[in-house]
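Read off the chains here:
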Amino acid sequence: MTTDIKDTVHPVEAAAVLGLLPARPRLLALGEPTHGEDTLLDLRNELFRQLVEQEGYRTIAIESDCVMGLRVDDYVTSGTGTLDEVMEHGFSHGWGASAANRELVRWMRAYNDGRPASERLRFAGFDGPLEITGAASPRQALTALHGYLSAHVDADLLPCTAETLDRLLGTDDRWTNPAAMTDPSQSVGQSAEAGELRLLADDLVALFDTQTPHLITATSRDDWDRARLYGRTATGLLRYHYWMADTSPARMTRLVGLRDRMMAHNLLAVAERGPALVHAHNGHLQRDKSTMRMGGMPLEWWSAGALVSARLGEEYAFVATALGTIRHQGVDTPPPDTVEGLLYALPEDRCVVDAPRLATALGDTRPAPRVSPWFGYSPLDPAHLAGYDGIVFLKDLSQSEDPSST
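Residues numbered from 1 in each chain as written. Predicted model: local features only at pLDDT ≥ 70, side-chain atom pairs only at ≥ 80, totals over all residues. Heavy atoms only, no water.

1. Some remarks on the packing of aromatic side chains
Stage number 1. Counting across every chain of the model gives 7 aromatic pairs.
Stage number 2. Where Y242 meets W243, the ring centres are 5.1 Å apart and the plane angle is 80 degrees; that geometry is what we call edge-to-face.
Stage number 3. In this structure an aromatic cluster arises from ring pairing among Y148, F208 and W224.
Stage number 4. In this structure, R24 packs its charged tip against the face of Y57, placed 5.5 Å from the ring centre.
Stage number 5. Above the face of the Y111 ring, R115 is positioned so that its terminal group lies 3.8 Å from the ring centre. (Phe/Tyr/Trp six-rings, centres within 6.5 Å; stacked < 30°, edge-to-face > 60°. Lys NZ or Arg CZ within 6 Å of the ring centre and 35° of its normal.)

Now the structure itself:
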């Protein structure tokens, strides 16, 4: 069996990853099993650089706020702002403090310098304006969509004025109250004002759609794309806030599912622009159902990757990342009967694994699920092996440097 497993292993390089696939996919997704480790992001940067330079990928999308990410895209495509400003204001989840993310943005800007617009590399955040502790106010997305339509469509067709939106939205801290995530009664999502905003947002998006032939010629494609993103985000946020106010047992399952739905719609829009590289947690990109425990309750939902794969078929590919040890987090040598343990026994410190061939080599010998002593690391589920197009395996994850020291 060991010989068979050795035959599934390749060097960590772009050619090896694409060699696992029947054709170059429109969306090539690389997952990670834990967040906040620059060693993993350095490897992502290395692979993505090769895929851009050798294979013609033209967008890099990461698990970060889609609206904030517009600022990063402006910087890498046209040099708007400074690198410091973009790292501070262009990322959610604290990702802007990462030295590896900073290097990615710096490299993208340098790559684009002097290139014609058609050859420039684009950046996208594809998460909603959401954190695990709550959700943003829909104000920014709603008012930006309304402003775009006001500038290009007959005022009589608009369902409301900007003043009406402002009155209904009220103060932003009503929407961002962190207590609402654990106490539905603290959410404004099912208030009369929020209900009216959901209808108006739907009408604004419908107006945008009905005016597309005019808008797509009256404005640039980028401006039209952004207005569409604002529409998706506004309706998605209002839906998310509505279900934050829900008191049924399905509340959290619905919320995590809605977040991945927003991610999926953003990824499908990115895919329309051409070949794109995607980076996020394995759990957001896998084809199988995602699971987690939150507040002692098991949750199960379809991830963004599963939703996108159902739409794109072979034009979506997913390569998971797996780790041997994260000793600084108490994750030691994996048991030999797990997927990670089998790969840990190989001589390579890092490798690309042909996951379907590995599943075939294992035959009926189903590896045991690995159990992590640290909540922040999600081991591979051996039952999902056949759903991966490949695995990037790192034997030992060394501790990342503090970004403030670099």
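So that's the structure; there's more coming.
2. Quick notes on the layout of surface pockets
Stage number 1. For the largest pocket, the calculated volume is near 1,500 Å³.
Stage number 2. Around the largest pocket, the lining is made up of 44 residues, and of these H281, T291, M292, F375 and S378 lie nearest the centre.
Stage number 3. Elements with a minimum of two residues in the lining of the largest pocket: β5 (130–131), α13 (251–272), α14 (282–285), β8 (290–294) and β9 (297–301).
Stage number 4. For the second largest pocket, the calculated volume is near 420 Å³. (1 Å grid on protein atoms, 1.4 Å probe; cavity = no way out; pocket = protein on both sides within 12 Å on 5 of 7 lines; lining within 4 Å. Points joined across faces, edges and corners; volume = space filled by probe spheres on them. Helix = DSSP H or I, 4+ residues; strand = E, 2+ residues; numbered from the N terminus.)

3. What to know about the side chain of K395
Stage number 1. The topology assignment puts K395 in strand β12 (residues 390–396).
Stage number 2. Although buried, K395 forms no salt bridge, and the nearest oppositely charged side chain, D349, lies 4.7 Å from it.
Stage number 3. Polar contacts involving the side chain of K395 include one to the main-chain carbonyl oxygen of L346, which spans 2.6 Å.
Stage number 4. If we ignore the near neighbours within four places in the chain, the residues touching K395 are G324, T325, Y344, L346, P347, E348 and D349. (Buried < 20%, exposed > 50% of the residue type's maximum accessible area, 1.4 Å probe, protein only. Lys, Arg positive; Asp, Glu negative; His and termini not counted. Salt bridge = Lys/Arg side-chain N within 4 Å of Asp/Glu carboxyl O. Polar contact = N/O pair within 3.5 Å; in protein donor to acceptor, adjacent residues only side chain to side chain. Contact = heavy atoms within 4.5 Å.)

4. Some thoughts on the pairing of strand β3 (residues 59–65)
Stage number 1. For β3, a buried count of 7 out of 7 residues is recorded, marking the element as mostly surrounded by other parts of the structure.
Stage number 2. Sheet analysis places β3 next to strand β4 (residues 122–127), joined by 5 bridges and oriented parallel. Each residue of the ladder has a partner; that of I60, found in β4, is F123.
Stage number 3. Pairing analysis gives 4 bridges linking β3 to strand β7 (residues 276–281), with the strands arranged parallel. Bridged to T59 within β7 is A276. (Pairing = 2+ DSSP bridges.)

5. Things to note about the sheet that holds strand β2 (residues 27–32)
Stage number 1. One open sheet holds the 8 strands; their spatial order is β1-β11-β12-β10-β2-β7-β3-β4, and the pairing between them is mixed. Among the strands making up the open sheet, the edge pair consists of β1 (9–10) and β4.
Stage number 2. The sheet strands contacting helix α4 (residues 69–78) are β3 and β4, and the helix crosses β4 at an angle near 170 degrees. (Axes fitted to C-alpha atoms, helices over the stretch in contact; angles between N-to-C directions.)

6. What about α4?
Stage number 1. Of all 10 residues making up α4, 7 are buried, and the element is well covered by its neighbours.
Stage number 2. What α4 keeps buried is the set G69, L70, V72, D73, Y75, V76 and T77.
Stage number 3. Buried residues along α4 sit against β3, α5 (83–89), α6 (99–112), β4 and α12 (221–244).

7. A look at the environment of A320
Stage number 1. By the element assignment, A320 lies in strand β10 (residues 316–325).
Stage number 2. Spatially, the C-alpha atom of A320 lies 9.7 Å from that of V353, the residues being 33 residues apart in sequence.

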